[in-house]
Amino acid sequence: MDNRNKGIVYGLIAVAGFGLTLPMTSLLVAHVGPIFAGLGRVGLAGAVAIVLLLMTKTKFPQKNEILLLSMVAVGVVFGFPLLSSFAMMELKASN
């Protein structure tokens, strides 16, 4: 399989996986609460990311990139998972 087709397959897998995050969070919040559910998503995603970064031998970011990555991480890593977990306490994922 060439790189273009691999990219399409990986993209489809990522979209399907992301599409399941809200329904699964909704189910999880009912049993363990929003904070544990949100931080659990963070931990699982972080573990997968570390494995992938180590497998691909990705370079560590430069000093000027670390601040920008940190600002993005606050929203992407903590903001979205935690806030969506709290939202799932009030609404179903299918609403």
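Just so we're clear, the structure is a prediction, and the values are computed from it rather than from any experiment.

(A) Region of interest: the overall build of the chain. Each helix and strand in the chain was counted, giving 4 helices and 0 strands. Sequence-ordered secondary structure for the chain, helices as α and strands as β, is α-α-α-α. The C-alpha atoms of the chain give a radius of gyration of 16 Å, which is well past the 12 Å a tight globule of 95 residues would have. Dimensions of the chain, computed from C-alpha atoms along their principal axes, come out at roughly 40 × 35 × 20 Å. A burial count over the chain gives 15% of its 95 residues as buried. By sequence separation, contacts in the chain at least 24 residues apart represent 80% of the contacts at least 6 residues apart. Approximately 7,600 Å² of the chain is accessible, and the part contributed by carbon and sulfur atoms is 75%.

(B) View of the packing of helix H1 (residues 3-19) against helix H2 (residues 21-32). At a minimum axis distance of 5 Å, the contact between H1 and H2 shows a crossing angle of 30°. On the basis of their axis angle, the class for H1 and H2 is roughly parallel. Contacts between H1 and H2 involve Gly17, Phe18 and Gly19 on the former and, on the latter, Thr21, Leu22 and Pro23. Tallied by class, the residues present in the contact of H1 with H2 amount to 3 nonpolar, 3 polar and no charged.

(C) Focus on the environment of methionine 24. Mapped onto the fold, methionine 24 is located in helix H2. Judged by its relative accessible area of 46%, methionine 24 is partly exposed. For the pair methionine 24 and leucine 68, spaced 44 residues apart in sequence, the C-alpha to C-alpha distance is 30 Å.

(D) Seen up close, the side chain of arginine 41. For arginine 41, the location among the structural elements is in helix H3 (residues 34-56). Excluding anything up to four places from it in sequence, arginine 41 contacts Thr21, Leu22, Thr25, Phe80, Pro81 and Ser84.

(E) View of a nonpolar patch on the surface. On the surface, Ile35, Leu39, Val72, Val76, Val77, Phe78, Phe86 and Met89 cluster together to form a nonpolar patch covering roughly 710 Å² of accessible area. If one sorts the elements of the nonpolar patch by residue count, helix H4 (residues 63-90) sits on top with 6 residues. Within the element layout of this structure, phenylalanine 78 appears in helix H4. The exposure class assigned to phenylalanine 78 is partly exposed, which follows from its relative accessible area of 41%.

(F) Structural view of the environment of methionine 89. Inspection of the secondary structure puts methionine 89 in helix H4. With 66 residues separating them in the primary sequence, methionine 89 and proline 23 have C-alpha atoms 12 Å apart. The contacts of methionine 89, once residues within four sequence positions are left out, are Val29 and Pro34.

The rules we used
Residues numbered from 1 in each chain as written. Predicted model: local features only at pLDDT ≥ 70, side-chain atom pairs only at ≥ 80, totals over all residues. Heavy atoms only, no water. Helix = DSSP H or I, 4+ residues; strand = E, 2+ residues; numbered from the N terminus. Rg over C-alpha atoms; globule rule 2.2 N^0.38 Å. Buried < 20%, exposed > 50% of the residue type's maximum accessible area, 1.4 Å probe, protein only. Contact = heavy atoms within 4.5 Å. Areas by Shrake-Rupley, 256 points an atom, 1.4 Å probe, with all protein chains shown as cover. Axes fitted to C-alpha atoms, helices over the stretch in contact; angles between N-to-C directions. Parallel < 35°, antiparallel > 145°, perpendicular 65-115°, else oblique. Nonpolar A, V, L, I, M, F, W, Y, C, P; charged D, E, K, R; others polar. Patch = residues over 30% accessible without salt bridge, like charges linked within 9 Å, V, L, I, M, F, W, Y side chains within 5 Å. Salt bridge = Lys/Arg side-chain N within 4 Å of Asp/Glu carboxyl O.

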